[in-house]
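Working through the structure, step by step
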Amino acid sequence: METFLTLLTRRLVARRPDLLRRLGTVVHVPIAIVPEDLPHAFLLSLDAIDSRVTLCGKDEIGDAQAVIRAPLLVLLGLLDGTYDGDAMFFSRDLRIEGKTEYVLALRNTLEEADLTPGEFLGLGAPAAGWINDIGSRVLAQARCLASAGAERRDKLSGRHS
Amino acid sequence: MTAASERRMELVCPAGTPATLRAAADAGADAIYCGFADETNARNFPGLNFSPEELSVSVAYAHERGAKVLVAINTFAQAGNTGLWKQAVDNAAACGADAIIAADIAVLDHAADKHPDVRLHLSVQAAANTPEAIGFYTETFGVRRVVLPRVFSVPEIAALNREIDVETEVFVFGGLCVMTEGRCSLSSYATGKSPNLTGVCSPPDHVDYAEDRAGRMKARLGGFTIDCFERGEPAGYPTLCKGRFSALGHTGYLFEDPVSLNAFELLEELAKAGVTALKIEGRQRGKAYIASVVSAFRKAVDGLSGGADASASIAALKALSEGGQQTTGSYRKTWR
């Protein structure tokens with residue numbers, strides 16, 4: 001998984017040098033992305049030739065200069081532009097720690113990246129279109145299920161409170 | 001058809017990146033405002049804004065879709081160092097910008113002198129709120145539009161429009177500021193940087209958040225705690241003007257609450273008041289915000305001349321607002 005994500009990230013950076021320019025001082029800076037509903041975290045370091053994605057335990061992110069925490073579906077929605085980062089922060093679905101300027105630079109760069117599954121995998125048309133279509137349907141279905149689950153939990157907790 | 005709907009108001013939308021500019025154009029913006037990645041614009045945040053090359057490509061994209069591009073060069077040039085601001089004006093003109101939004105007299109003078117064919121809009125940062133002040137800018141620099149400070153009620157805007165002969169643009173959605181635009185130095189007291197000179201209010205390199213085990217989040221600026229949010233409580237940016245302070249046994253917001261403007265219900269009144277353009281705030285926001293807000297307000301403006309009802313689309317925007325709250329601000333002010 002680490003090798004695969006690192007390879008795709010390096011290819012993306014090589015294809016889109018504009019993204020590194022936009023990142024500015026965040027180049028080389030390790031940032032932890034923590035899906036709250038998964039047992040692991042991702043340590044991301046972006047660089048012109050040596051970008052890395054490291055899979056680690058949530059208690060192994062001490063090197064990170066900034067930490068972004070949110071449920072996995074929120075993180076994926078931020079990556080593909082479905083959700084607005086500020087709105088997720090206002091609603092407390094997204095939490096950040098550490099150097100805020102690094103989080104902001106990364107967020108704004110990802111916004112510009114238009115990071116669809118097809119773009120991340122480096123696919124051309126029409127394969128990118130198919131993958132993006134399948135990906136958005138799967139994510140939409142997952143969000144529906146997650147939303148229904150949350151409503152059920154709210155109802156149950158209301159019933160028992 | 002009502003008098004208000006006879007003249008269609010222009011929808012002016014924000015863009016912090018080329019991707020958000022494309023989202024705004026695709027969602028139906030009449031005009032899109034943006035800035036360069038330096039101290040010449042009041043949203044000088046990391047990862048945000050445009051290079052001249054990106055602006056050129058983006059202008060072409062917007063023009064193909066019938067949208068204009070307005071370039072905000074709206075900070076105040078440093079004494080003895082106006083080169084960066086003049087270069088920004090030259091770059092905007094070379095990129096094919098339809099207008100330059102400026103507040104500083106040196107910037108306005110350079111634009112009027114060197115690029116007379118490019119429209120000049122007076123930024124809200126100039127805080128021009130009297131016929132005399134507006135008259136100075138229109139007569140001296142040929143300013144074609146004034147972005148009004150967020151201090152007016154709707155009847156006051158109508159009265160002002162009767163006394164001036166220039167287009168007016170008003171904010172209708174997004175983050176609010178204390179009502180001394182262009183004159184606010186609060187941020188610089190805590191960080192040494194301000195929106196007027198360096199283009200950043202509450203710069204992110206001075207912001208940090210810390211959450212304790214109980215889920216209580218402290219938002220700090222320059223090491224000062226600006227607000228504390230209990231678990232699940234909607235949060236806001238740690239700007240000093242929206243800080244929650246305790247004194248003499250009372251805790252509350254000293255200047256203003258973390259709340260966003262939404263003037264949807266006043267659009268017809270604003271049209272009757274003679275407003276030419278409606279501005280959406282949020283150059284620091286993402287594509288999801290831009291697409292939702294622009295398409296909702298596109299529907300709302302079109303609704304004034306017989307289009308579909310936009311109420312449901314506008315109601316959905318509450319989730320995007322700072323603090324999860326909305327206000328009509330000074331447009332319906334109950335204070336003086």
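Remember, predicted model here, so these are calculated numbers, not experimental data. (Residues numbered from 1 in each chain as written. Chains lettered and ligands numbered in written order. Predicted model: local features only at pLDDT ≥ 70, side-chain atom pairs only at ≥ 80, totals over all residues. Heavy atoms only, no water.)

1. Description of the overall build of chain B
Per the secondary structure count, chain B includes 11 helices and 15 strands. Dimensions along the principal axes, computed over C-alpha positions, put chain B at roughly 60 × 50 × 40 Å. In chain B, which comprises 336 residues, the share counted as buried stands at 56%. For chain B, contacts bridging at least 24 residues in sequence account for 62% of all contacts bridging at least 6. If you sum the accessible surface of chain B, you get close to 13,500 Å²; carbon and sulfur atoms cover 51% of it. Distance between charge centres in chain B, computed from 33 positive and 39 negative side chains, equals 4 Å. (Helix = DSSP H or I, 4+ residues; strand = E, 2+ residues; numbered from the N terminus. Buried < 20%, exposed > 50% of the residue type's maximum accessible area, 1.4 Å probe, protein only. Contact = heavy atoms within 4.5 Å. Areas by Shrake-Rupley, 256 points an atom, 1.4 Å probe, with all protein chains shown as cover. Lys, Arg positive; Asp, Glu negative; His and termini not counted. Charge placed at Lys NZ, Arg CZ, Asp CG, Glu CD.)

2. Observations regarding helix α3 (residues 72-79) of chain A
Residues and elements named next belong to chain A. Taken as a whole, α3 has its buried residues at Val74, Leu75, Gly77 and Leu78. All buried residues of α3 project into a common sector of 160° when viewed along the axis, lining one side. Looking one or two residues beyond α3, the residue adopting positive phi is Gly81, at roughly 85°. (Arc of directions from axis to C-beta.)

3. What about the domain arrangement of chain A?
As a measure of interface size, the accessible area lost when the parts come together is often cited. All names here are of chain A. Looking at the assigned domains, one finds that chain A contains domain 1 (2-115) and domain 2 (116-161). Every contact between the two is made by 16 residues of domain 1 and, on the other side, 10 residues of domain 2. When domain 1 packs against domain 2, close to 1,100 Å² is buried across both sides, 63% of that on carbon and sulfur atoms. Of all residues in domain 1, Leu8, Leu73 and Leu115 bury the most surface against domain 2, accounting for 43% of the area lost on that side. Across the pair Glu119 and Arg16 runs a salt bridge, and its minimum N-O distance is 3.4 Å. (Domains from an automatic or database assignment. Buried area = accessible area lost by both parts, 1.4 Å probe. Salt bridge = Lys/Arg side-chain N within 4 Å of Asp/Glu carboxyl O.)

4. Looking at a nonpolar patch on the surface
A cluster of nonpolar side chains, Phe4, Leu121, Leu123 and Ile131 of chain A, forms an exposed patch at the surface whose accessible area comes to about 310 Å². For Ile131 of chain A, the location among the structural elements is in helix α7 (residues 127-160). (Patch = residues over 30% accessible without salt bridge, like charges linked within 9 Å, V, L, I, M, F, W, Y side chains within 5 Å.)

5. Describing the interface of chain A and chain B
Each partner contributes residues to the interface: chain A has 25 residues there, and chain B has 40 residues. Area buried by chain A at its contact with chain B is led by Arg22, Phe90 and Arg92 of chain A, which between them contribute 30% of it. The tally of links between chain A and chain B comes to eight salt bridges. Measuring nitrogen to oxygen at the nearest pair gives 3.3 Å for the salt bridge that ties Glu111 of chain A to Lys287 of chain B. Scanning the region where chain A abuts chain B turns up 19 residue pairs in polar contact (both at pLDDT 80 or more). Those elements giving two or more residues to the side of chain A that touches chain B turn out to be α4 (85-90), β5 (95-98) and α5 (100-113) of chain A. (Polar contact = N/O pair within 3.5 Å; in protein donor to acceptor, adjacent residues only side chain to side chain.)

6. Let's talk about the environment of Tyr289 of chain B
Within the secondary structure layout, Tyr289 of chain B lies in helix α10 (residues 287-303). Residue class for Tyr289 of chain B comes out buried when judged on its relative accessible area of 1%. When the C-alpha positions of Tyr289 of chain B and Leu317 of chain B are compared, they lie 8.5 Å apart, and in sequence the two are 28 residues distant. Once residues lying within four places of it in the same chain are set aside, the contact partners of Tyr289 of chain B are Asp84 of chain A together with Phe173, Gly174, Ile280, Glu281, Gly282, Val294 and Leu320 of chain B.

7. A look at the sheet that holds strand β4 (residues 66-70) of chain A
Residues and elements named next belong to chain A. Taken together, the five strands give an open sheet; going across it, the order is β3-β2-β1-β4-β5, and neighbouring strands pair in mixed fashion. One side of each edge strand has no neighbouring strand; the edge strands of this open sheet are β3 (52-57) and β5. Mean inter-strand twist for the sheet, computed between neighbouring axes without regard to direction, equals 20°. Bridge count for β4 against β5 is four bridges, and the pairing is antiparallel. By the bridge assignment, Val67 is partnered in β5 with Glu97. Docked against the sheet, helix α1 (residues 2-15) engages β2 (40-45) and β3, running at close to 150° with respect to β3. Each of β1 (31-35), β2, β4 and β5 is contacted by α5, which is oriented at about 60° to β4, the strand it contacts most. (Pairing = 2+ DSSP bridges. Axes fitted to C-alpha atoms, helices over the stretch in contact; angles between N-to-C directions.)

8. Some thoughts on the environment of Ala126 of chain B
Residues and elements named next belong to chain B. With respect to the helices and strands, Ala126 occurs in the loop between β5 (119-122) and α6 (131-141). Look at Ala126 and you get buried, because its relative accessible area is 11%. A C-alpha to C-alpha distance of 7.2 Å links Ala126 and Glu181, two positions 55 residues apart in sequence. Ignoring anything within four residues of it in the chain, the contact list for Ala126 reads Ala103, Tyr137 and Arg183.

9. Brief notes about the domain arrangement of chain B
All names here are of chain B. Structurally, chain B comprises domain 1 (3-176 + 259-332) and domain 2 (186-253). Its C-alpha centre places domain 1 at a distance of 27 Å from the equivalent point of domain 2. Where domain 1 packs against domain 2, one counts one salt bridge. Salt-bridge contacts for Lys242 lead to Glu322; the nearest nitrogen and oxygen are separated by 3.0 Å.

10. Quick notes on the pairing of strand β14 (residues 277-280) of chain B
Residue and element names in this part refer to chain B. Of the two faces of β14, both are covered, the one formed by Ala277 and Lys279 as well as the one formed by Leu278 and Ile280. Here three bridges tie strand β1 (residues 10-14) to β14, and the two strands are oriented parallel to one another. From the neighbouring strand, Val12 faces β14, where its bridge partner is Lys279. Two elements, strand β7 (residues 167-175) and β14, share four bridges in a ladder whose sense is parallel. Bridge assignment links Phe171 to a residue of β14, and that residue is Lys279.

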